[in-house]
Amino acid sequence: MLPKRKPSQLSVLTVRYLILALILLALVLPFIAFLVNAFAERWFFPQFIPQEWSVEEWVRVFSGRGDVLEALWNSTVIAVGVTALSVLIGLPAARALGLYEFRGKKIVEFLILAPIMIPPLTVGMGLSINFLRAGLGGTMIGVALAHLVPVMPYVVFTLSGVFANYDVRYEEQARTLGANPLRVFWHITLPAIFPGLVVASLFAFLTSWSQYVLTFLIGGGRVITAPVLLFSSAAGGNRANLAVQSLLFIFPALLILLLTARYLSGKNNAIGGIGRV
């Protein structure tokens, strides 16, 4: 028979479950509000539920009568490109920071972290001036390059934590057996750091996907992404349209979070790194 819990233990469990339920409710309520508003046709105070329901705003979006699909496409292209480029640039830097000790390492780490410590508006204004001079203002390439500024610290420090616990002796053994650098990376390094690589890519994608200030300043109103369109639609007063855009903006990020949840849980040693192959 299972031992009976004492009243104090039951009260502690009750409080924990109550706190968990309140947190879940706070997370779910905005989605419920978006869903209701996305299908509400006529809803006036003090009515508890809408008088009429409609899919007109959804039809408007998916029929191409608006900029929503274009904005989502632009956001996806930019976020995917920024993620790939940040991983390519950040991987060597993270390996050096994670595996080696050298003079001035703390200064290098501070400089990498500096972009997310400085107010985004300050960074954006400085980048905007230089990008306009370089002819990158108002272009998707310019916006993507600007997104690298806040993205790189997350990628580098996530991967450097992985490499800090990485055992390079497996690579040495593979090279001793005649494997070339490409085979060593593909068969030894990549499987070992893959969970951390997924987490770093997740941070990169979400950071780029949600950028508004840098996109607005560098894009100059020519590059319309989901956050830019969402902010401009917020002043329109059309709650149904705003709710549809919000749901479409949240969905890709939520899908990616669900797909990578096992790496975020720590069961695959995503954060701490892997020392075994």
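Residues numbered from 1 in each chain as written. Predicted model: local features only at pLDDT ≥ 70, side-chain atom pairs only at ≥ 80, totals over all residues. Heavy atoms only, no water.

### Regarding the overall build of the protein
- When you go through the protein residue by residue, the secondary structure sums to 12 helices and 2 strands.
- Helices (α) and strands (β) of the protein occur, in sequence order from the N terminus, as α-β-β-α-α-α-α-α-α-α-α-α-α-α.
- Split into buried and exposed, the 277 residues of the protein put 38% on the buried side.
- Long-range pairs, those at least 24 residues apart, make up 72% of the contacts in the protein between residues at least 6 apart in sequence.
- Here the protein has roughly 17000 Å² of accessible surface; of this, 69% comes from carbon and sulfur atoms. (Helix = DSSP H or I, 4+ residues; strand = E, 2+ residues; numbered from the N terminus. Buried < 20%, exposed > 50% of the residue type's maximum accessible area, 1.4 Å probe, protein only. Contact = heavy atoms within 4.5 Å. Areas by Shrake-Rupley, 256 points an atom, 1.4 Å probe, with all protein chains shown as cover.)

### Looking at the pattern of salt bridges
- Across all of its chains, the model carries 5 salt bridges by this definition.
- Among the ionic pairs, Lys105 bridges to Glu101, the shortest N-O distance being 3.2 Å.
- Its relative accessible area of 10% is what places Lys105 among the buried residues.
- Note on Glu101: relative accessible area 70%, which makes it exposed. (Salt bridge = Lys/Arg side-chain N within 4 Å of Asp/Glu carboxyl O.)

### Focus: helix 3 (residues 68–99)
- When the terminal C-alpha atoms of helix 3 are compared, their 45 Å separation across 32 residues agrees well with the 46 Å that a helix rising 1.5 Å per residue should span.
- Taking the largest bend as the criterion, helix 3 deviates by roughly 35°, centred on Gly90, and proline Pro92 comes between one and four positions later. (Expected span 1.5 Å × (residues − 1). Bend = angle between axes of the 7 residues up to and from the residue.)

### Remarks on the confidence of the model for the protein
- Confidence in the prediction of the protein, expressed as mean pLDDT, is 81, and 86% of residues score 70 or more.
- Predicted confidence for residues 270–277 stays below pLDDT 50, and this span has 28 contacts to residues more than four positions away or in other chains. (pLDDT = per-residue confidence, 0-100.)

### Overview of the environment of Val108
- Locating Val108 in the fold gives a position in helix 4 (residues 105–117).
- As for Val108 and Leu97, which are separated by 11 residues in sequence, their C-alpha atoms are 8.8 Å apart.
- Setting aside anything within four residues of it in sequence, one finds Val108 in contact with Leu97 and Phe102.

### Here's the deal with the nonpolar core
- In this structure, Leu127 and Leu159 are the most contacted members of the largest nonpolar core, which totals 34 residues.
- Listed by contribution, the elements that provide at least two residues to this core are helix 3, helix 5 (120–133), helix 6 (140–163), helix 8 (181–209) and helix 9 (213–219).
- It is helix 6 that contributes the most residues to this core, 11 residues altogether.
- Excluding anything up to four places from it in sequence, Leu159 contacts Leu91, Ala94, Gly196, Leu197 and Ala200.
- Grouped together as the second largest cluster of nonpolar side chains are 17 residues, Ala38, Val68, Ala71 and Ala226 included. (Core = buried A, V, L, I, M, F, W, Y, C linked by side-chain atoms within 4.5 Å.)

### Comments concerning the packing of helix 3 against helix 6
- Running from N to C, helix 3 and helix 6 point in directions that differ by 40°, and their axes come no closer than 6 Å. Here helix 6 runs oblique to helix 3, going by the angle between their axes. Judged by the twist between their axes, the crossing of helix 3 over helix 6 is right-handed.
- A class-by-class count of the residues in the contact of helix 3 with helix 6 yields 21 nonpolar, 6 polar and 1 charged. (Axes fitted to C-alpha atoms, helices over the stretch in contact; angles between N-to-C directions. Parallel < 35°, antiparallel > 145°, perpendicular 65-115°, else oblique. Left-handed = near helix turned anticlockwise from the far one by under 90°. Nonpolar A, V, L, I, M, F, W, Y, C, P; charged D, E, K, R; others polar.)

### As for the side chain of Thr83
- As for its placement among the helices and strands, Thr83 is situated in helix 3.
- Each residue touching Thr83, except ones within four places of it in the same chain, is listed here: Ser201, Ala204 and Phe205.

### Observations regarding the environment of Val156
- Its location among the elements puts Val156 in helix 6.
- Its relative accessible area of 2% is what places Val156 among the buried residues.
- For the pair Val156 and Leu113, spaced 43 residues apart in the sequence, the C-alpha separation amounts to 9.3 Å.
- When neighbours within four sequence positions are excluded, Val156 is seen to be in contact with Gly90, Ala94, Leu97 and Ile112.

### Quick word on the packing of aromatic side chains
- All chains considered together, the criterion is met by 6 aromatic pairs.
- Among the aromatic side chains, those forming a connected cluster through ring pairs are Phe205, Trp209 and Phe249. (Phe/Tyr/Trp six-rings, centres within 6.5 Å; stacked < 30°, edge-to-face > 60°.)

### Let's talk about the packing of helix 7 (residues 169–176) against helix 8
- Remark: helix 7 packs on helix 8, axes separated minimally by 10 Å, with the N-to-C direction vectors making an angle of 145°. You can see that helix 7 and helix 8 cross each other, and the crossing is right-handed. Across the interface between the two elements, Tyr170, Glu171, Ala174 and Arg175 of helix 7 pack against Val184, Ile188 and Thr189 of helix 8.
- In terms of residue class, the contact of helix 7 with helix 8 is built from 4 nonpolar, 1 polar and 2 charged.

### Quick word on the side chain of Thr215
- One can find Thr215 in helix 9.
- Only 3.2 Å separates the side chain of Thr215 from the backbone oxygen of Gln211, close enough to count as a polar contact.
- In contact with Thr215, not counting residues within four places along its chain, are Val143, His147, Gly220, Val223, Thr225 and Val228. (Polar contact = N/O pair within 3.5 Å; in protein donor to acceptor, adjacent residues only side chain to side chain.)

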